[in-house]
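The lines below spell out each chain.
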2 protein chains.
Amino acid sequence: MAKRHSNYTRGTGCPVEAALEIIGAKWKGGVIYHLLDGELRFMELQRRMPTVTQRILSKALRELEADGVILRTVYPTVPPQVGYRLTPDGEALREPVLGLRAWGARRTAAACAMAAE
Amino acid sequence: MAKRHSNYTRGTGCPVEAALEIIGAKWKGGVIYHLLDGELRFMELQRRMPTVTQRILSKALRELEADGVILRTVYPTVPPQVGYRLTPDGEALREPVLGLRAWGARRTAAACAMAAE
DNA sequence: CAGTATCCCGTGTGATACTG
DNA sequence: CAGTATCACACGGGATACTG
């Protein structure tokens, strides 16, 4: 993913690349997918993606927020709670992401059938 | 993108991640997108994506081929010609990729409007 | 034309530990 | 609970030159 927003958003590359700059990072797709269900807390996301570390998840969330894809809401309670939800712009990724998921699922199924445990 | 096919295709991650493992690399989305138009030669792809180096493009193509997304055809002519086209499996990415493209295009347009050259 | 061979570097990812 | 700090590293990406 390289440079992030350098000039990929400008004329150079195809928009596909621009989109992948944002959601292509290892865990971002998963984050967006899970947030399609609605607002989730930090730990909820971690539970759904057990193998991602806090640092990486945090980083991904901050980047997605900076990119206007998700919204971070802090509830001033104790202990602190933070909710993450998709912005309308992020919601617009629903179809493509579900499409990718379906595609990935078919391949996974095929691969698993062959590997057969 | 990390490890490539280690065990992401197994139960661990969501299929979204599995899909991004394959098309998430910097230029792969672009390659697939351009191949939606039909078979293209190596140099055709390079012309459409002027900033990618031969090595990287070659690498991307080999990986996509290994993943069963594209098909490589060698025409025994002189000078040699090689065509790349999507497999049916790759064709199945059409909708998601076009969706991502549309999404990326909207953001690019918005960003450019703000940056205003 | 369609690649491969080297070499190098940035950064994305990760493990671990600590904090408001 | 929801993070940040620090350290380390492999790997993807890139520049350049060479080849069947």
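Predicted, not measured: the structure shown is a model, and the values here were computed from it.

K.L.:
Just give me the short version of the sheet that holds strand β2 (residues 70-75) of chain A, but keep the residues and values in it.
P.N.:
What holds strands together in a sheet is hydrogen bonding between their backbones, with the strands either parallel or antiparallel. Residue and element names in this part refer to chain A. The strand order β1-β3-β2 describes an open sheet built from three strands, whose pairing is antiparallel. Unpaired on one side and paired on the other, β1 (40-41) and β2 mark the two borders of the sheet. Two strands pair when backbone bridges link them, and β1 and strand β3 (residues 81-86) are joined in this way by two bridges, in the antiparallel orientation. Paired with R41 across the two strands is G83, which belongs to β3.

K.L.:
Explain the protein's contact with DNA strand D to me, and be specific about the residues and the numbers.
P.N.:
Around DNA strand D sit 23 residues in total, of which M43(A), S58(A), R72(A), Y84(A) and K26(B) are the nearest. In the interface set of DNA strand D, defined as its atoms within 4 Å of the protein, sugar plus phosphate atoms amount to 60%. Measuring from a base oxygen of DNA strand D, one finds a side-chain N or O atom of R55(A) at 3.5 Å. Those elements that place two or more of their residues in the surface near DNA strand D are α3 (42-48), α4 (54-66) and β3 of chain A together with α4 (54-66) of chain B. Of all the elements, α4(A) adds the most residues to the surface near DNA strand D, at four residues. A breakdown of the residues in the surface near DNA strand D according to their chemical character gives 11 nonpolar, five polar and seven charged.

K.L.:
Tell me about the packing of helix α2 (residues 28-35) of chain A against α4(A), and please be specific about residues and values.
P.N.:
Any two packed helices are characterised by the angle at which their axes cross and by the distance between the axes. Residue and element names in this part refer to chain A. Following both chains from N to C, one finds α2 and α4 inclined at 70°, their axes separated by 10 Å at the closest point. Here α2 is positioned roughly perpendicular relative to α4, judged by the angle of their axes. Contacts between α2 and α4 involve K28, V31 and I32 from the former and L57, A60, L61, E63 and L64 from the latter. Considered class by class, the residues forming the contact of α2 with α4 number six nonpolar, no polar and two charged.

K.L.:
So what about the relation of the copies chain A and chain B? Which residues, and what values?
P.N.:
Overlaying chain A on chain B yields an RMSD of 0.0 Å, the required transformation being a rotation through 180° with an accompanying axial translation of 0.0 Å. Look at the turn and shift together and you get a two-fold axis relating the two. Minimal C-alpha distance to the rotation axis in chain A is attained by P96(A), lying at 2.2 Å. Mapped onto chain B, 98% of the interface residues of chain A are again interface residues, and the two copies thus contact each other with one and the same surface.

K.L.:
I'd like a description of the nonpolar core, backed by residues and values.
P.N.:
In this structure, V69(A) and V69(B) are the most contacted members of the largest nonpolar core, which totals 56 residues. Setting aside anything within four residues of it in sequence, one finds V69(B) in contact with W103(A), R107(A), I22(B), I32(B), L64(B), R85(B), L86(B), T87(B), G90(B) and L93(B).

K.L.:
Give a detailed account of the pattern of salt bridges, specifying residues and quantitative values.
P.N.:
All names here are of chain A. Inspection of every chain in the model, using the stated rule, returns 12 salt bridges over all chains. In this structure, E63 and K59 form a salt bridge, with 3.3 Å as the shortest nitrogen-oxygen distance. You can see E63 and its partner K59 sitting in helix α4, four residues apart, about one turn around the helix. Ionic contacts of the salt-bridge type, sharing partners, join the residues K28, K59 and E63 into one network.

K.L.:
Account for the environment of G29(A), naming residues and giving values.
P.N.:
Looking at the secondary structure, you find G29(A) in helix α2. Once the C-alpha coordinates of G29(A) and L100(A) are considered, the two residues, 71 residues apart in sequence, prove to be 9.4 Å apart. Aside from chain neighbours lying at most four places away, what touches G29(A) is I23(A), V16(B) and L20(B).

K.L.:
Explain the interface of chain A and chain B residue by residue, including any values.
P.N.:
In many analyses, interface size is given as the accessible surface area lost on bringing the parts together. Listed per partner, the contact involves 43 residues of chain A and 42 residues of chain B. With both sides pooled, the region where chain A packs onto chain B buries about 3,800 Å², and carbon together with sulfur makes up 68% of that total. Counting the surface chain A buries against chain B, the share from its top three residues, K26(A), L100(A) and W103(A), is 19%. Connecting chain A to chain B are four salt bridges. Among the ionic pairs, D89(A) bridges to R106(B), the shortest N-O distance being 3.7 Å.

K.L.:
Go over the confidence of the model for chain A with me, naming the residues and quoting the values.
P.N.:
Mean pLDDT for chain A: 86, with 83% of residues reaching 70 or above. The low-confidence segment residues 1-11 of chain A, where pLDDT is below 50, has 28 contacts with residues more than four positions distant or belonging to other chains.

About the criteria used
- Residues numbered from 1 in each chain as written.
- Chains lettered and ligands numbered in written order.
- Predicted model: local features only at pLDDT ≥ 70, side-chain atom pairs only at ≥ 80, totals over all residues.
- Heavy atoms only, no water.
- Pairing = 2+ DSSP bridges.
- Helix = DSSP H or I, 4+ residues; strand = E, 2+ residues; numbered from the N terminus.
- Near = heavy atom within 4 Å.
- Polar contact = N/O pair within 3.5 Å; in protein donor to acceptor, adjacent residues only side chain to side chain.
- Nonpolar A, V, L, I, M, F, W, Y, C, P; charged D, E, K, R; others polar.
- Axes fitted to C-alpha atoms, helices over the stretch in contact; angles between N-to-C directions.
- Parallel < 35°, antiparallel > 145°, perpendicular 65-115°, else oblique.
- Contact = heavy atoms within 4.5 Å.
- Least-squares fit on C-alpha atoms with pLDDT ≥ 70 in both.
- Core = buried A, V, L, I, M, F, W, Y, C linked by side-chain atoms within 4.5 Å.
- Buried < 20%, exposed > 50% of the residue type's maximum accessible area, 1.4 Å probe, protein only.
- Salt bridge = Lys/Arg side-chain N within 4 Å of Asp/Glu carboxyl O.
- Buried area = accessible area lost by both parts, 1.4 Å probe.
- pLDDT = per-residue confidence, 0-100.

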